[in-house]
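# Residue-level structural notes
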Amino acid sequence: EDREPFTLFIEELAAALHANGRILSIAVHAKTDDAGDWGGPAAQDWARLGAAVDEFKIMTYDYHWATSEAGPIAPLDWVDDVLTYAATVVPPQKTWVGVHFYGYDWIGYAAESLEWRQVAKRAAQQEATIQRDQPGEAWFTYDDGRHTVYFTDAQALAERLEFVYKRHPDVAGIAIWRLGGEDPGNWEVIGRR
């Protein structure tokens, strides 16, 4: 029920900002079709929002989240599906791809959100072996497999950006969630793009 009022608000806000020489950037939930798979993305009319705003930032992370089962935070096949759908309703030149600089430490269906530096410390303390079973994601387990940690480091980010820009060369750029505590190598990776 919020879809139309939210869309009208963004359209009116964009018109007012543009009349004053300003730009409007919006962050939206990821989805692979107009309906989305829950209320948040369903309430976002990407075609109308994309037409109104200057920067369309898609939160392509939290595919697995703090209360889901353990798994990749942003599997690349899903990111690809989201960006492929987005290109059908929003010009890629306006589209910004959300990338995560954080991780989750799961026990069952409950996870603690961690900054990269916390992940690195935990991996060292637990003498964990970092696994990379798909590009763009890193993970490890500890405590006899009771804990599973997925996260992004510079290597995972480099693989993610390589994949995204190869498959979607016209996207405007990346939008980062969140700054602070990230792998310092991330900035070198971004600087090479």
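The model shown is predicted, which means the values in this text are computed figures rather than measured ones.

Our next topic: the layout of surface pockets. Volume-wise, the largest pocket comes out at about 390 Å³. Lining the largest pocket are 14 residues, with Ala-30, Asp-37, Trp-38, Asp-62 and Trp-78 sitting closest to its centre. In the lining of the largest pocket, the residues fall into seven nonpolar, three polar and four charged.

What follows is about the packing of helix α6 (residues 154–167) against helix α7 (residues 185–192). In a packed pair of helices, the relevant descriptors are the angle between the two axes and the axis-to-axis distance. At a minimum axis separation of 8 Å, α6 and α7 run at an interaxial angle of 25°. By the angle between their axes, α6 is roughly parallel relative to α7. For the pair α6 and α7, the sense of crossing is right-handed. Between α6 and α7, the residues in contact are Ala-154, Leu-157, Ala-158 and Leu-161 and Gly-185, Asn-186, Val-189, Ile-190 and Arg-192, respectively. Per-class residue counts for the contact of α6 with α7 are six nonpolar, two polar and one charged.

So, how was this worked out
Residues numbered from 1 in each chain as written. Predicted model: local features only at pLDDT ≥ 70, side-chain atom pairs only at ≥ 80, totals over all residues. Heavy atoms only, no water. 1 Å grid on protein atoms, 1.4 Å probe; cavity = no way out; pocket = protein on both sides within 12 Å on 5 of 7 lines; lining within 4 Å. Points joined across faces, edges and corners; volume = space filled by probe spheres on them. Nonpolar A, V, L, I, M, F, W, Y, C, P; charged D, E, K, R; others polar. Axes fitted to C-alpha atoms, helices over the stretch in contact; angles between N-to-C directions. Helix = DSSP H or I, 4+ residues; strand = E, 2+ residues; numbered from the N terminus. Parallel < 35°, antiparallel > 145°, perpendicular 65-115°, else oblique. Left-handed = near helix turned anticlockwise from the far one by under 90°. Contact = heavy atoms within 4.5 Å.

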